[in-house]
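# Commentary on secondary and tertiary structure
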Amino acid sequence: MNRSEFSAFLGQTLNAAQYRDYCPNGLQVEGRATIGRVVTGVTASLALIEAALEWGADTILVHHGYFWRGEDMRVIGQKQRRLKLLLTHDVNLFGYHLPLDSHPELGNNAQLARRLDLEASGRFGDNDIGWVGRCHSPSVKTAADLAMLIEKRLGRMPLLIGDPQQPVGPVAWCTGGAQGMLGEAIEAGASVYISGEISEPTVHLARETGTVYLAAGHHATERYGVQALGEFVARHFGIEHRFIDIDNPV
């Protein structure tokens, strides 16, 4: 299929133009004009590019692409190696950051909710990127139960800050590096907040407010949106798709 049509469809599906983001959303590196084999992954690392080339992909679609605000603009070091590999093999790179976090069905928050039996009843934060609702898993009564569910569904044990035996009431979540939104999650009524990463101030705020914080992993919480998006476009256009998970313990 045509690259321009593919790009327009992704932008429209994710409503990408509405977001104030830290990086360009959409086509970041231009490759061949015809798309037929798409690899999805969380981050456009060298390992992902090499795995995509081994499979014969002409397009890579990721959540974490390139050209972030404030980064070194020079094309040197690892940036040069990654870009050179893409350009040498004429491979397209598409990246969608906040639009992929926020999409109500295909996004990271929506897909994490599916895996953890979470049902949203509201949004919070800039761009309404944070979600708040309830966990409907019959096995979850306490924060420790929710941590065990996360370990079972995501394949890694989260770091729990707070009382493991605290009853689980309203749950807020925002995948990736959204630990700084803990205060907004508390204002939204959360008794428990799930995100990917954790910072030193996060611990104090969680302890002082009695809100349980679960750091479930940046990569671990953001594996699912890009997979769902890849499967969606593959069905729509009748093209091949493969998700490649490059292990990341963070």
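Structure first, text after, so check above.
These notes cover the structure that comes with them. (Residues numbered from 1 in each chain as written. Predicted model: local features only at pLDDT ≥ 70, side-chain atom pairs only at ≥ 80, totals over all residues. Heavy atoms only, no water.)

### Notes on the side chain of His 219
For clarity, the threshold we go by: Numbered from the N terminus, helices here are DSSP runs of H or I no shorter than four residues, and strands are runs of E no shorter than two. We call two residues in contact when some of their heavy atoms are within 4.5 Å.
Its place among the elements puts His 219 in helix α9 (residues 218–221). What His 219 contacts, discounting residues up to four positions off in sequence, is Val 42, Asp 245, Ile 246, Asn 248 and Val 250.

### Structural notes on the nonpolar core
Defined as follows: What makes a nonpolar core is a set of buried Ala, Val, Leu, Ile, Met, Phe, Trp, Tyr and Cys residues whose side-chain atoms join them at distances within 4.5 Å. We call a residue buried when its accessible area falls under 20% of the maximum for its residue type, exposed when it is over 50%, and partly exposed in between, using a 1.4 Å probe and counting protein chains only.
In this structure, Leu 146 and Ile 194 are the most contacted members of the largest nonpolar core, which totals 23 residues. Those elements that place two or more of their residues in this core are α5 (108–115), β6 (130–135), α6 (143–154), β8 (171–173), β9 (192–195) and β10 (212–215). Of all the elements, α6 adds the most residues to this core, at 6 residues. Beyond its immediate chain neighbours, meaning those up to four positions away, Ile 194 contacts Leu 116, Leu 118, Leu 146, Ile 150, Val 171, Ala 172, Trp 173, Cys 174, Leu 214 and Ala 216. Ala 16, Tyr 96, Phe 237 and Ile 239 belong to the second largest nonpolar core, which has 20 residues in total.

### Quick word on the state of the cysteines
Using the following cut-off: The criterion for a disulfide is a pair of cysteine sulfur atoms lying within 2.5 Å.
Within this structure, the stated rule accounts for 0 disulfides. The thiol sulfur of Cys 23 is not disulfide-bonded, and the nearest other cysteine sulfur, from Cys 174, lies at 15 Å. Judged by its relative accessible area of 11%, Cys 23 falls in the buried class.

### Side note on the sheet that holds strand β5 (residues 118–124)
For clarity, the cut-off: At least two bridges found by DSSP between two strands are what make those strands a pair. Only C-alpha atoms enter the line fits that serve as axes; for helices the fit covers just the stretch in contact. Angles between N-to-C directions range over 0 to 180 degrees.
One open sheet holds the 6 strands; their spatial order is β5-β6-β8-β9-β10-β7, and the pairing between them is mixed. At either margin of the open sheet sits one strand with a lone partner, and together these are β5 and β7 (159–161). Direction aside, neighbouring strands of the sheet carry axes that sit 25° apart on average. Packed onto the sheet, α5 meets β5, β6 and β8 and runs at close to 135° relative to β8. The sheet contacts of α6 involve β6, β7, β9 and β10, and relative to β10 the element is tilted by about 10°.

### Here we look at the environment of Arg 32
Relative to the helices and strands, Arg 32 is located in the loop between β1 (26–29) and β2 (37–43). Residue Arg 32 is classed as partly exposed on the basis of its relative accessible area, which comes to 31%. Distance from Arg 32 to Asp 58, taken between C-alpha atoms, is 7.1 Å for residues 26 residues apart in sequence. Residues in contact with Arg 32, not counting those within four places in the same chain, are Arg 3, Asp 58, His 89, Asp 90, Val 91 and Asn 92.

### Regarding the packing of aromatic side chains
Aromatic rings considered in pairs are described by the distance between their centres and by the relative angle of their planes. Basically, it comes down to this: Pairing of aromatic side chains requires ring centres within 6.5 Å, counting the rings of Phe and Tyr and the six-membered ring of Trp. Pairs whose planes differ by under 30 degrees are stacked, by over 60 edge-to-face, and all others tilted. Placement of a positive charge over a ring is assigned whenever Lys NZ or Arg CZ falls within 6 Å of the ring centre and within 35 degrees of the normal to the ring plane.
Following the criterion strictly, the structure yields 8 aromatic pairs and no others. Ring centres of Phe 6 and Phe 94 lie 5.2 Å apart, and the angle between their planes is 70°; on these two criteria the pair is classed as edge-to-face. You can see Phe 6 sitting in helix α1 (residues 3–14) and its partner Phe 94 sitting in strand β4 (residues 92–95), a full 88 residues away along the chain. Measuring from centroid to centroid gives 6.0 Å for Trp 131 and Trp 173, while their planes differ by 50°, and the two rings are tilted. With a gap of 42 residues between them, Trp 131 in strand β6 and Trp 173 in strand β8 connect regions that are remote in the sequence. As far as burial versus exposure is concerned, Trp 131 and Trp 173 are alike and both buried. An aromatic cluster of three or more residues is present, and its members are Phe 6, Phe 9, Phe 94, Phe 232 and Phe 237. Between the NZ or CZ atom of Arg 37 and the centre of the ring of Trp 55, over which it lies, the distance is 4.4 Å.

### Observations regarding the layout of surface pockets
The condition that has to hold: A pocket here means an open set of points on a 1 Å grid, computed over the protein atoms alone, that has protein on both sides within 12 Å along at least five of seven lines. A cavity is instead a set of points where a 1.4 Å probe fits but cannot get out; residues with an atom within 4 Å of a point line either one. Grid points are joined across faces, edges and corners, and a volume is the space filled by probe spheres set on the points.
For the largest pocket, the calculated volume is near 350 Å³. Elements with a contribution of two residues or more to the lining of the largest pocket: β3 (59–64) and α4 (98–102).

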